[in-house]
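Spelled out from the first residue to the last, the chains are:
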Amino acid sequence: MSSDFWIILTACLVAALNALLGSFLVLRRMAMIGDAISHAVLPGIVIAYFLSQSRATLPMLVGAAATGLLVTALIEFLNRKVKLQSDASIGISFTFLFAVGVIMISYFGTNIDLDQECVLYGEIAYVPMYNIAVGGMDLGPRQVWIVGSVLLFSIVSVIWGYNRLAVTTFDPEFAASVGINVVFWQFFLMGGVSLSTVVSFESVGAVLVIALLVGPAATAYLITNRLTPMIVMAIIAGVMASVIGYYLAKYLNASIAGAISVVIGIQFAITIVIVSIRRRYNRLKYEPSQNAPV
Amino acid sequence: MIKEIKEPVIEVHNLTVVYDRKPAIWNIDFTLPKGQIIGVMGPNGSGKSTLLKAIMGVVNANTGWVKVAGEDIEGVRKRVSYVPQRQSVDWDFPATVWDVVAMGRFALKGVFKKLNADDRSVIEESLKKVNMYTFANRQISQLSGGQQQRAFLARALAQEADIYLMDEPFAGVDASTEEAIVQLLKQMKKEGKTLLVVHHDLHTAQNYFEWLVLLNTRLVASGPLTEVFDTALLEDTYGGTLTTLTKVAELLDKNDMPMRHK
Amino acid sequence: MMEAFQEFISFFRLTEPNVRVVFWGSLILCASSGLVGTFTFLRKRSLIGDVISHSVLPGICLAFLIGNEKNLIVLITGASITGWISTYLIDVITAKSKIKTDTAIALVLSVFFGAGILLLTKIQHSGYGSQSGLDSFIFGSAAAMNFSDVKLFGIFGSLMISIVLIFYRGFLLISFDEDYAGAIGFPIRFLKFLLSVITVITVAMGVQSVGVVLMSALLITPAATARFWTHRVPLLAGLAMVFAGVSGILGSAISYTKAGMPTGPWIVVVVSFFAFFSVAFGSQKGIFPKWIRRRVNNKRILGENILKVFYKLSEGTESGYSLQELISSTPVKEADLMNGLRILQKNDLIGKANDKWFLSESGFREAKSVVRKHRLWELYLSKYMNLKADHVHDDAEGIEHVITAEIEKELEKLLDYPTVDPHDSEIPYE
């Protein structure tokens, strides 16, 4: 297989994973919590890399995802217990953890093959350099296996908890009134987002993953009327952006993750313009009937 | 005027709920009769919504307890349906009317079961009862306020409960929806359901309710409409807050004092 | 380690011209973002600062590509333009579609940053290499400043401060109540525009020492930290400037000890340290002061409860009681009781003779007062809150400790100087 194929495949898997979970974040108005998580997992990732020497293994990454839950707990604590306004609670918490992560990299980054560039936009171009081989057989890049297995696990989990996730997202008070544990499902989702930002880290870095979480979901949200189609469409949009982004980056000789984010932005811009024009057109069409005598 | 009931369907005992260190309801104590349409009235911020949420256990009580049909709410959840305020949710959510009503069925299901044919016919029935069947596939953001409210009521009907707690079902709905909801409530009462309805319009209250709970952080009255719908009691309810009570509440907050000492 | 510490100390001697540049540069940049951040904090738009700081990156890169050199004024202009466009886009997206603010923020932030990364990597791959020095804008590099930069920052910084001072009242009003500000004829559109312009320029400058990724911390954290010490806005702004300025200098000094260490993360860690310290010990909402307050309250409540026990045992007579008698007539635990008795004795509210405890004169007065407040409150509850006599006691057990002399007078008057409570017990007056 060519390295182009593996890079595109990895990008698509990462995009699909983040679009799946990001759809719920967008609907829950928790996009910025997602942003906070994606920044805050950095120290966890550095420790995971450190402990497993160079490339982190999946169990290590699962551990790193705990930092994501830690930051949600910290935000909640500042907001609820200390009564600090929510935007400031988010801002303080994630910038602190992210800064700690960058400092850790500066001090022992060279030992663990992590640098500041990777934090910013990942190393998806290097994905084909780290392959897994079992009994002499090349099974492809380990990143594909890691992201792929987390994606599979996430899809199964979301299908398993679909109704509860939907109801706690739409109407948490009603959900609580029928005895659903709203807090559990909140943490269920946050745990998923933490894990997905951690495993996406090597590919797209800690900062650009938020484009993949929020962008395709926002685009899908503009065009669909039901939850399942929205999620499917978000995944399709994410995959599309990955493929186009890859070739854009190749053409410009620039960062792949950066290019994917830009394509996601263009996708959204085109969608919002079309949706607005269509809405205006529809309004014009119906205007006369509204003014007509009843 | 607080009338006590033997074998009440809902019993609230010394209930206090503090929100953000401010008492939303303070030491409330009443009993409600079965099978009636009961109105909960009071000015804005008087704790009406909090009362419903506390009965459902959605918010925690700081003191006191609630019993529904003689039991703790956890034991009877499936028999109680709660209709939150329409404005409490984001109607841009990507769902159809059918999806929303189906949520009422999932409430009764074991954790992750799918809907079966029975469930689907209940959903259909519920939609028909509120005249929303033709809108089943309509995206919820395209509904009018009245239609949104009907969708919420259909979801409650789909739960097939015995006791219904409704938060401001008449708020911001058109006249025809209001009339339709009233007819629905009367029909439900005939079927033996108990309905606890938060309401804010004094003019219509007399026509809608048989029993009235008047609330203004404290309980002012609870009893049959004819005895409670009384100028003095209504003035007491709507005639401003108790200044002393407010001052004490502020002191509790300012000095970090506990409401109750163990 | 020792060496690093000596480096750190030597920074503050400010002997090297380089160090002086870093010192003053960081101070000016960070203090002005502390000031401007106060208003974004008060307007609850802290995360907008996050968007601006990420969105200046493409502007910096474009300005570099156009100007073909690292001219600070050109870079700041480019940065300000894309920074400002990003906030404008958020307003447009939320106004024209059903997309909510948080999603709009996250989307614009990441897409602009992605565009910046795309341009940055493009620049790096096209021969400018790392000589472009644009890397230093990502995590900040105070060391990359030179003397003329600092002069420029000084001019801009004083300009920002002057604008805030001149339009202080307007900014305050749009932060507090925009509608009201409009209603009394303040030009809110202009004020909001002006505030967003100075926020954008402050961020565009600040990225030099903190970097685009963490710049938002310097807008958010100092103001939020100051909030734990004061609720008055002038003081809030002043404290925010101090916290930010000190963090700027300390962060730069720490990163100075290691070659290649970016300044931004250390500045943020220092300012976060101030924040967490304030969360714990701040006089306004700090956890520790609150805990102390609760402890003091609990002691007082315990004391008052014990005095009440004495009063109830005697209802007037002044004989003494043994510890055993006291224990058997109160739910208070023995250890707490002993503790409470000791404190009361120290305050001369009770005395001890022949192994019997008794109320002193002042103790008797205290006890009477607590019982009076208890019974007045019970009466108030039953009269005004329609509670039955057997439902009022628990509430009064808590509230009797809260009632002040002023409220007591109010209750007496309201209840028309009653003589008995709902249980027909006498209400004791002086």
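Small disclaimer: the values here were computed from a predicted structure and weren't measured. (Residues numbered from 1 in each chain as written. Chains lettered and ligands numbered in written order. Predicted model: local features only at pLDDT ≥ 70, side-chain atom pairs only at ≥ 80, totals over all residues. Heavy atoms only, no water.)

1. Re the overall build of chain C
Each helix and strand counted, chain C has 19 helices and two strands in total. In summary, chain C has a C-alpha radius of gyration of 32 Å against a globular reference of 22 Å for 430 residues, an excess of more than 25%. Dimensions of chain C, computed from C-alpha atoms along their principal axes, come out at roughly 95 × 60 × 35 Å. Taken across its 430 residues, chain C has 54% of its residues classed as buried. Partitioning the intrachain contacts of chain C with sequence separation of at least 6 by distance along the chain shows that 70% fall at a separation of at least 24. Accessible surface for chain C amounts to roughly 18,500 Å². Of this, 61% is attributable to carbon and sulfur atoms. Here chain C holds 40 positive side-chain charges and 37 negative ones, and the gap between their average locations is 9 Å. (Helix = DSSP H or I, 4+ residues; strand = E, 2+ residues; numbered from the N terminus. Rg over C-alpha atoms; globule rule 2.2 N^0.38 Å. Buried < 20%, exposed > 50% of the residue type's maximum accessible area, 1.4 Å probe, protein only. Contact = heavy atoms within 4.5 Å. Areas by Shrake-Rupley, 256 points an atom, 1.4 Å probe, with all protein chains shown as cover. Lys, Arg positive; Asp, Glu negative; His and termini not counted. Charge placed at Lys NZ, Arg CZ, Asp CG, Glu CD.)

2. Here's the deal with a positive patch on the surface
A surface patch of positive charge is lined by R279, R280 and R283 of chain A together with K96 of chain C. Position of R279 of chain A relative to the elements: it lies in helix 13 (residues 256-291). (Patch = residues over 30% accessible without salt bridge, like charges linked within 9 Å, V, L, I, M, F, W, Y side chains within 5 Å. Salt bridge = Lys/Arg side-chain N within 4 Å of Asp/Glu carboxyl O.)

3. Some remarks on the interface of chain B and chain C
Facing 29 residues of chain B, the contacting portion of chain C comprises 31 residues. Surface buried jointly by chain B and chain C totals about 2,700 Å² across both partners, of which 55% is contributed by carbon and sulfur atoms. The interface formed by chain B and chain C includes three salt bridges. There are eight residue pairs in polar contact (both at pLDDT 80 or more) connecting chain B and chain C. (Buried area = accessible area lost by both parts, 1.4 Å probe. Polar contact = N/O pair within 3.5 Å; in protein donor to acceptor, adjacent residues only side chain to side chain.)

4. Topic: the sheet that holds strand 4 (residues 63-68) of chain B
All names here are of chain B. Strand order in the open sheet formed by three strands is 2-1-4, and the pairing between neighbours is antiparallel. For this open sheet the edge positions go to strand 2 (22-32) and strand 4, each flanked by a neighbour on one side alone. Between one strand axis and the next, the sheet turns by 20 degrees as a mean value, whatever way the strands run. Pairing geometry for strand 1 (residues 10-19) and strand 4, over five bridges, is antiparallel. For T16, the partnering residue across the bridge sits in strand 4 and is T63. Packing against the sheet, helix 1 (residues 48-56) makes contact with strand 1, strand 2 and strand 4, and its axis sits at approximately 115 degrees to strand 1. (Pairing = 2+ DSSP bridges. Axes fitted to C-alpha atoms, helices over the stretch in contact; angles between N-to-C directions.)

5. Examining helix 11 (residues 215-226) of chain C
Counting buried residues in helix 11 of chain C gives 12 out of 12 residues, a clear majority hidden from the surface. All buried positions along helix 11 of chain C are accounted for by M215, S216, A217, L218, L219, I220, T221, P222, A223, A224, T225 and A226 of chain C.

6. Examining the sheet that holds strand 9 (residues 218-224) of chain B
Residue and element names in this part refer to chain B. An order of 5-6-7-3-8-9 is seen for the six strands of this open sheet, with the pairing classed as mixed. What marks the edges here is a single partner per strand, and that holds for strand 5 (80-83) and strand 9. Each neighbouring strand pair of the sheet contributes to a mean axis angle of 15 degrees, computed without reference to strand direction. Sheet topology note: the strand 8 (residues 211-216)/strand 9 ladder contains six bridges and is antiparallel. Note on strand 9: the bridge partner recorded for N216 is R218. Helix 5 (residues 145-158) contacts strand 5 and strand 6 (163-166) of the sheet and is inclined by roughly 165 degrees relative to strand 5.

7. Some details on the domain arrangement of chain C
We note that the domain assignment places domain 1 (2-283) and domain 2 (289-363) within chain C. Averaged C-alpha coordinates put domain 1 of chain C and domain 2 of chain C at centres separated by 57 Å. (Domains from an automatic or database assignment.)

8. Regarding helix 6 (residues 175-190) of chain B
All names here are of chain B. The first and last C-alpha atoms of helix 6 sit 23 Å apart over 16 residues, in line with the 22 Å expected at 1.5 Å per residue. Looking at helix 6, one finds that the buried residues are T177, E178, I181, V182, L184, L185 and M188. Looking straight down helix 6, one finds its buried side chains confined to an arc of 160 degrees; they lie on one side. Residues of helix 6 that are exposed and angled more than 90 degrees away from the buried face: A175 and K190. Contacts made by the buried residues of helix 6 are with strand 3 (37-41), helix 4 (117-129), helix 5, strand 6, strand 7 (194-198) and helix 7 (202-208). (Expected span 1.5 Å × (residues − 1). Arc of directions from axis to C-beta.)

9. A few points about a nonpolar patch on the surface
All names here are of chain C. Taken together, the side chains of F273, F277, F281, F288, W291, I292 and V296 define a hydrophobic patch exposed on the protein surface, amounting to about 710 Å² of accessible area. Of all elements in the fold, only helix 13 (263-281) and helix 14 (287-314) reach the threshold of two or more residues within the nonpolar patch. With four residues, helix 14 is the largest single contributor of residues to the nonpolar patch. Assignment of secondary structure puts F281 in helix 13.

10. Remarks on the pattern of salt bridges
Under the criterion given, the structure shown has 24 salt bridges over all chains. Here D171 of chain A makes a salt bridge to R155 of chain B, at a shortest N to O gap of 2.8 Å. One end of the pair, D171 of chain A, is in the loop between helix 8 (162-170) and helix 9 (172-177); the other, R155 of chain B, is in helix 5, on a second chain. R155 of chain B carries the same exposure label as D171 of chain A, and that label is buried. A salt bridge links K100 of chain C to D92 of chain B; its shortest N-O distance comes to 3.2 Å. In this pair, K100 of chain C sits in the loop between helix 4 (72-96) and helix 5 (101-128) while D92 of chain B sits in the loop between strand 5 and helix 3 (97-106), so the two residues belong to two different chains. What makes D92 of chain B partly exposed here is its relative accessible area of 23%. What emerges from the salt-bridge pattern is a single network uniting R29 of chain A, D90 and D92 of chain B together with K100 of chain C.

11. Describing the interface of chain A and chain C
The partner chain C presents 55 residues to the 58 residues of chain A that form the contact. Three residues, M32, I92 and Y221 of chain A, lead the burial of chain A against chain C; their summed loss comes to 11% of the area buried on that side. Connecting chain A to chain C are zero salt bridges. Inspection of the region where chain A meets chain C yields 13 residue pairs in polar contact (both at pLDDT 80 or more). At the level of elements, helix 1 (3-27), helix 2 (31-40), helix 4 (58-81), helix 5 (86-112), helix 6 (116-121), helix 11 (209-223) and helix 13 of chain A are the ones that each hand at least two residues to the side of chain A that touches chain C. In terms of residue count, helix 5 of chain A provides more of the side of chain A that touches chain C than any other element does, 15 residues in total. Here the residues of the side of chain A that touches chain C are counted per class, giving 38 nonpolar, 13 polar and seven charged. (Nonpolar A, V, L, I, M, F, W, Y, C, P; charged D, E, K, R; others polar.)

12. What to know about the pairing of strand 8 of chain B
All names here are of chain B. The buried fraction of strand 8 amounts to six of the six residues, a majority that puts the element mostly inside the structure. A two-sided burial pattern is seen for strand 8, the buried positions comprising W211, V213 and L215 on one face and L212, L214 and N216 on the other. The antiparallel hairpin formed by strand 8 and strand 9 contains one residue in its connecting segment, where T217 sits at a positive phi of about 65 degrees.

13. Comments concerning the packing of helix 11 of chain C against helix 12 (residues 233-256) of chain C
All names here are of chain C. Orientation of helix 11 relative to helix 12, taken along the N-to-C sense of each, is 125 degrees, at an axis distance of 8 Å. It follows that helix 11 is oblique to helix 12 by the angle criterion. Read as a crossing pair, helix 11 and helix 12 show a hand that is right-handed. Residues P222, A223, T225 and A226 of helix 11 form the contact with helix 12, whose participating residues are L236, L239, A240, F243 and A244. For the contact of helix 11 with helix 12, the class distribution of residues is eight nonpolar, one polar and no charged. (Parallel < 35°, antiparallel > 145°, perpendicular 65-115°, else oblique. Left-handed = near helix turned anticlockwise from the far one by under 90°.)

14. Brief notes about the packing of aromatic side chains
Taken as a whole and judged by the stated rule, the model has 29 aromatic pairs over all chains. Considering the side-chain rings of F170 of chain A and W91 of chain B, the 6.0 Å spacing of their centres and the 85 degrees angle between planes classify their relative orientation as edge-to-face. Pair noted here: F170 of chain A is in helix 8 and W91 of chain B is in the loop between strand 5 and helix 3, and the two residues belong to different chains. Across the pair, exposure class does not vary: F170 of chain A and W91 of chain B are buried alike. With centroids separated by 6.5 Å and ring planes inclined at 80 degrees, the aromatic side chains of F170 of chain A and F152 of chain B adopt a geometry described as edge-to-face. Of this pair, F170 of chain A sits in helix 8 while F152 of chain B sits in helix 5, which puts the two residues in different chains. Each member of the pair, F170 of chain A together with F152 of chain B, is buried. (Phe/Tyr/Trp six-rings, centres within 6.5 Å; stacked < 30°, edge-to-face > 60°.)

15. A closer look at the packing of helix 5 of chain B against helix 6 of chain B
Residues and elements named next belong to chain B. Viewed as axis vectors pointing N to C, helix 5 and helix 6 meet at an angle of 15 degrees, and their least axial separation amounts to 10 Å. By the angle between their axes, helix 5 is roughly parallel relative to helix 6. Pair helix 5 / helix 6 crosses with left-handed handedness. Of the residues in helix 6, those touching helix 5 at G146, Q149, R150, L153 and L157 are S176, T177, A180, I181, L184 and M188. A per-class count over the contact of helix 5 with helix 6 returns six nonpolar, four polar and one charged.

16. Describing the confidence of the model for chain A
A low pLDDT score tells you not to read the predicted coordinates there in detail. Per-residue pLDDT for chain A has a mean of 88; in total, 95% of the residues score no lower than 70. Across residues 288-294 of chain A the pLDDT falls below 50, and counting only partners more than four positions away or on other chains, this stretch makes zero contacts in the model. (pLDDT = per-residue confidence, 0-100.)

17. Here we look at the side chain of S247 of chain C
On the secondary structure map, S247 of chain C appears in helix 12. Setting aside its immediate chain neighbours within four residues, S247 of chain C contacts I267, V270, V271 and F274 of chain C.

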